[in-house]
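As a plain string of letters, each chain reads:
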Number of protein chains: 2
Amino acid sequence: MSTSNPAQMPKNITLTQRLKKYLPIMNWLPNYSRADVTGDLIAGIIVTVMLVPQGMAYALLAELPAQVGLYASIIPLFIYGLLGTSRTLAVGPVAIVSLMVASGIGQFAPQSLSETLLLAVTLAAMVGSIQLILGILRAGFIVNFLSHPVLSGFTSAAAIVIGLSQLKNLMGFDVPRSQQLHETAWYVFTNMSLMNVASFAIGVGGILILLYFKFGLGKHLAYLSLPKNVIVPLTKTGPLVIVVIGTLLVWGMGLNTSADVSIVGTVPAGLPPFTMPTLELETLQALFPIALTISLVGYMEGISVAKALASKRREKVDPNQELIAIGTSNIASALTGGYPIAGGFGRSMVNFTSGARTGLASVITAVLLLFSVLFLTPLFTYLPNAILAAIIIVAVANLIDVKTAIHTWHYSKAEFLSLAITFVAVLELGIETGILIGVATSLILYLYRTSRPHVAVIGRIGTSEEYRNVLRYETTMQPNILALRIDESLYFPNATYLEQVVGNAVADNPELEHFVLVCSAVNFIDTSALEVLENLNDTLTENGISFNMAGVKGPVMDRLRKIGFDTHIGQENFYLNCHEACESLATE
Amino acid sequence: MSTSNPAQMPKNITLTQRLKKYLPIMNWLPNYSRADVTGDLIAGIIVTVMLVPQGMAYALLAELPAQVGLYASIIPLFIYGLLGTSRTLAVGPVAIVSLMVASGIGQFAPQSLSETLLLAVTLAAMVGSIQLILGILRAGFIVNFLSHPVLSGFTSAAAIVIGLSQLKNLMGFDVPRSQQLHETAWYVFTNMSLMNVASFAIGVGGILILLYFKFGLGKHLAYLSLPKNVIVPLTKTGPLVIVVIGTLLVWGMGLNTSADVSIVGTVPAGLPPFTMPTLELETLQALFPIALTISLVGYMEGISVAKALASKRREKVDPNQELIAIGTSNIASALTGGYPIAGGFGRSMVNFTSGARTGLASVITAVLLLFSVLFLTPLFTYLPNAILAAIIIVAVANLIDVKTAIHTWHYSKAEFLSLAITFVAVLELGIETGILIGVATSLILYLYRTSRPHVAVIGRIGTSEEYRNVLRYETTMQPNILALRIDESLYFPNATYLEQVVGNAVADNPELEHFVLVCSAVNFIDTSALEVLENLNDTLTENGISFNMAGVKGPVMDRLRKIGFDTHIGQENFYLNCHEACESLATE
């Protein structure tokens, strides 16, 4: 079986090939050219400009101090630049992971900042370890169990949760944590009077400017006939612009004291600290479910972006090496005062568009960020939290994915159901429970579907060798032969159904002498179904009807032979395809 | 789609047909003949002879008073005789259900007999209600999720647990309850000195006699040239024989006082009492998991036996009506001082062999048992518990199913794994957890398998229209065409794998101009796979390779059309089958 599988890796690979596989930098560094430098340098600078405010904003979303978001963007980026197979993926703090970190740490209700920070690095260490282990075990396939509808429902709901979580920063009053969306929404609505008007005005102003950068600026710059690779990066500087405006406003007018506008405050300057996760078993156990969710969701987000970008340039990403790269980066984040990171959609697009050619772009971003935390932190003191909230709200508004929901509705009501259930479950039961319910729903729906497979009575199309559904095509068939095609693997959820379907089909055809089970769509027969087939054969034979099987595939036939099923049924009753069976049976 | 489904029921059925469906007695009673009477009467008497000692023994196994097993065999049998579609299934107390009842009641550690009895009837009411509801909802299919290997592993482990649980009655000393097999075994081993030698001797004697009835008596009677339908029933009287011998021994020698042999004691005479289940929410919640397990496992056991027996006589059983019948019987058991029942293998075989023709055999058994509880109970007072233990041990020894384990091992290692995991989990983690783990394992293994489907490069066999795996058959193919058959529905667990396989196959064929994805084994395409197909189409087209699909089935094509996927790919790129695709592409 495996020899026919084109997905297999060749077995005899040299040491150099192996090294290149695990250290992708060896693929691009020896061929590095001057042309690459320009692209990587420009991309590195632009991503830094985006990442500084975003890093702080997402740290705020994770309910961590602003500098944690910056620390998480230095050494981890450097590591990813060396180990990642994607040349353009920009890793760092991202919105959904930050939300999950807030939820994971929140369950402990930490009493001190140091406790909070310890939980953040512990979570990063756990996420990194899980990803690293999955990568080494080449178990990247497990993210495949997150179907698109489930992911889409999850992302949309998470975006709404994130948006709402920032209302408190935007409006300047405290909102108690709740897993349930409607409670939070109701609290904000009924406590509107607590709103800090100055904060709110700054935040809304920030949102409007960001929306202009996003939807208006591009068109206006196009009138100036600027090239596209200048326009796109410029439209991404919105966050930096509102950070500067917001900071100057608060600092100039003293709004932090006069109007009680909440600000970031003192951000300590200096190198990222060396930190160690806790090894307390109880804490690790309590963090495990959220760490697992973050590992998978974070990886999933990154690998999707990386694949999309790689295919545009005919490059390849290796899913398992990506797990190793992002896992190591997360462990690095844990050791340098950061928190869990992932490959982000927005920054990666910017990195790609502004001309990043290799992982060096990430390394440049890391160096520039290091410079920022060493020398620029005093500039962030008067940055109002409402500006960071504005950045988050505009960023996540993109993630609400109505298009996929509509598309799924039209294609498959069952898949839409799993999308909708995930969406509601995440909003009302929380992130982890929500995604678990989503995955379970999609699996159960699939199993339910396979338990009642489509079955077609088939007949010959004209004089061809093709036999298809008699209800869809003009077909002919001898009255004493019945050919039934069953469109599913035969296994325990549908074994009984098979028995019933064949029983009824035979009962409805009194003239029947030969029954042909067409197995072209049967990819697997398990022991439960095997027993049913044996019973069917015995019952039909006793009633004077011959039992035949056509189009059984190689791997399925191998298994049947191994236990002597072919001799039990009679080897002469197996046919290459339906045509051969019908021709042979008609002459009997 | 549904019009092509031979499993569908006709819609316009008359009232009489409907009545016959829900009251199967109407099918046989009007045609009842004198020939039927003899068979039913003899079978009814023989089953009674088996059921009296077995009913008491299984009640003991369920840790209930002996009479509960008798009460459960009166009204429920009568009801099943009227409602059951199987004419030969003998319902009543069975070993595995009794074990589960013991485990369900044991969790409450009831302090009084009345509390224990209340829990027993409550459990019967819950089991009955669940079965009745499932039957009315026509949801009998859900038992299909119990695969044969899981059931086999479960049954073997349960048989061992049951056997061990009877050691205490056999050896006459108390063994504390434990979920873990090795703990129980160790306790018995280390406390061997507490053994009551007289009890043990009676029990072992009983076992030896039963084994003789089972393996020796039949052959010896055959020497006397007795007809088979006399021999078989006679060999089943073993339990009655040892009950009589054991009772006479204890009564005659006064062993219950002189040697402290444990006996059944006074069994109250009289009609089954009228009982009501508790409606306490907390109790119902705690009992729910075990009630659900009993409903499914009990039903599964019965329906398997009923189907096997019906097929021998060309009769039919209706799975949903069977749920209604056994559900109503369990509710009847709850109202008349019984406990949960099911269709048993051993007694049904005897019922069938001794000539039962209709449900009247069950009704006769019920009447005879009613007579026993009214007048014969004083005879059971001196019956030693060791004899009942002997009956149970010999009965369950049959259930240890090594044959299926070996067969499964040869056919499929993955299915053997789910059998083995279920077996160990039931032994070490208990019955409910064990069966849940088993079901989960079998589903996960199935999903894992479908996530890495078999893929074959196919070519034309000779001059036929059949295209098969190039590695298995002598085939021919034009070098600029690659036809790949993927042997699985395309859905989220394998969507990424599909992308990878096609990508590698294309990369390995530099001469390629036309790619054909053969979908004869694809029974379903979900939105995740759809996106992959769209990407593949775009990527290949950009590289100057045409993307074609062949043999897409009707129901799959309908869905693709609904969202315009066919026009996106180009309708001219869809072919009826691989042959048509290759012929057409070769001429381009």
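The structure reproduced in this document is the subject of the present report. In this text, all values refer to a predicted model and were calculated from it rather than measured experimentally. (Residues numbered from 1 in each chain as written. Chains lettered and ligands numbered in written order. Predicted model: local features only at pLDDT ≥ 70, side-chain atom pairs only at ≥ 80, totals over all residues. Heavy atoms only, no water.)

Structural alignment of chain B on chain A gives an RMSD of 0.2 Å, achieved by rotating through 179° and translating 0.0 Å along the axis. Given the turn and translation reported, the copies of this chain are related as if by a two-fold rotation axis. In terms of proximity to the rotation axis, the leading residue of chain B is A521(B), whose C-alpha is 1.9 Å off the axis. By residue overlap, the copies meet face to face through one surface: 99% of the interface positions of chain B are interface positions in chain A. (Least-squares fit on C-alpha atoms with pLDDT ≥ 70 in both. Contact = heavy atoms within 4.5 Å.)

Using the criterion set out here, one finds 6 cavities of 30 Å³ or more in the structure. Reported here for the largest cavity is a volume of approximately 530 Å³. Those elements giving two or more residues to the lining of the largest cavity turn out to be β4 (467-469) and α27 (578-587) of chain A together with β4 (467-469) and α27 (578-586) of chain B. Class assignment for the residues of the lining of the largest cavity results in 9 nonpolar, 8 polar and 10 charged. Looking at the second largest cavity, its volume works out to about 130 Å³. For the second largest cavity, the lining is made up of 14 residues, of which F524(A), E415(B), S442(B), L445(B) and Y446(B) are closest to its centre. Residue assignment for the lining of the second largest cavity shows that the elements contributing at least two residues are α21 (413-429) and α22 (431-451) of chain B. Among the residues forming the lining of the second largest cavity, the class breakdown is 7 nonpolar, 4 polar and 3 charged. (1 Å grid on protein atoms, 1.4 Å probe; cavity = no way out; pocket = protein on both sides within 12 Å on 5 of 7 lines; lining within 4 Å. Points joined across faces, edges and corners; volume = space filled by probe spheres on them. Helix = DSSP H or I, 4+ residues; strand = E, 2+ residues; numbered from the N terminus. Nonpolar A, V, L, I, M, F, W, Y, C, P; charged D, E, K, R; others polar.)

This part is about the state of the cysteines. As enumerated under the stated definition, the model contains 0 disulfides over all chains in all. Not part of a disulfide, C578(A) finds its nearest cysteine sulfur in C582(A), a span of 3.9 Å. Of all cysteine sulfurs, the one in C578(B) lies closest to C519(B), which takes part in no disulfide; the gap is 11 Å. C519(B) gets classed as buried once you look at its relative accessible area, which sits at 2%. (Disulfide = S-S within 2.5 Å. Buried < 20%, exposed > 50% of the residue type's maximum accessible area, 1.4 Å probe, protein only.)

Reports of interface size often rely on the accessible area that becomes lost once the parts have come together. At the junction of the two partners, chain B supplies 79 residues and chain A supplies 79 residues. Carbon and sulfur atoms supply 55% of the area buried between chain B and chain A, which totals about 7300 Å² over both sides. The partner of D558(B) in a salt bridge is R472(A), with the nearest N and O atoms 2.7 Å apart. Applying the counting rule to chain B against chain A returns 25 residue pairs in polar contact (both at pLDDT 80 or more). With 8 residues, helix α23 (residues 492-507) of chain B is the single largest residue contributor to the side of chain B that touches chain A. The class makeup of the residues in the side of chain B that touches chain A is 32 nonpolar, 27 polar and 20 charged. (Buried area = accessible area lost by both parts, 1.4 Å probe. Salt bridge = Lys/Arg side-chain N within 4 Å of Asp/Glu carboxyl O. Polar contact = N/O pair within 3.5 Å; in protein donor to acceptor, adjacent residues only side chain to side chain.)

What follows concerns unusual backbone geometry. Positive phi values are uncommon outside glycine, yet D260(A) reaches one of about 55°. Looking at where D260(A) falls in the secondary structure, it is placed in the loop between α14 (255-258) and α15 (281-312). Given the relative accessible area of 59%, D260(A) is considered exposed. For S225(B), which is not glycine, the phi dihedral falls at a positive 55°. Mapping S225(B) onto the fold places it in the loop between α11 (197-223) and α12 (228-235). Classification of S225(B) as exposed rests on a relative accessible area of 62%.

Attention shifts here to the environment of V267(B). Residues and elements named next belong to chain B. When you line up the elements, V267 lands in the loop between α14 (255-258) and α15 (281-312). V267 sits in the buried class, given a relative accessible area of 4%. Sequence separation between V267 and V396 is 129 residues, and the spatial gap between their C-alpha atoms is 25 Å. Excluding its chain neighbours within four sequence positions, the residues that come into contact with V267 are Q67, T377 and F380.

We now examine the pattern of salt bridges. Oppositely charged side chains are able to pair whenever their charged atoms sit close together. Enumeration according to the criterion identifies 18 salt bridges over all chains in this entry. Here E583(B) and R460(B) are joined by a salt bridge, their closest N and O atoms 3.3 Å apart. Here the residue E583(B) occupies a position in helix α27, and R460(B) occupies one in strand β3 (residues 455-461), the gap between them amounting to 123 residues. With a relative accessible area of 40%, E583(B) lands in the partly exposed category. Three or more residues joined by partner-sharing salt bridges are found here, namely R472(A), D558(B), R561(B) and D566(B).

Now for the packing of helix α3 (residues 34-61) of chain B against helix α17 (residues 345-353) of chain B. Residues and elements named next belong to chain B. Orientation of α3 relative to α17, taken along the N-to-C sense of each, is 170°, at an axis distance of 9 Å. Taken together, the axes of α3 and α17 lie roughly antiparallel to each other. Judged by residue contacts, A43, I46, V47, M50, L51, Q54 and Y58 of α3 engage G346, R347, V350 and N351 from α17. Of the residues assigned to the contact of α3 with α17, the class counts are 7 nonpolar, 3 polar and 1 charged. (Axes fitted to C-alpha atoms, helices over the stretch in contact; angles between N-to-C directions. Parallel < 35°, antiparallel > 145°, perpendicular 65-115°, else oblique.)

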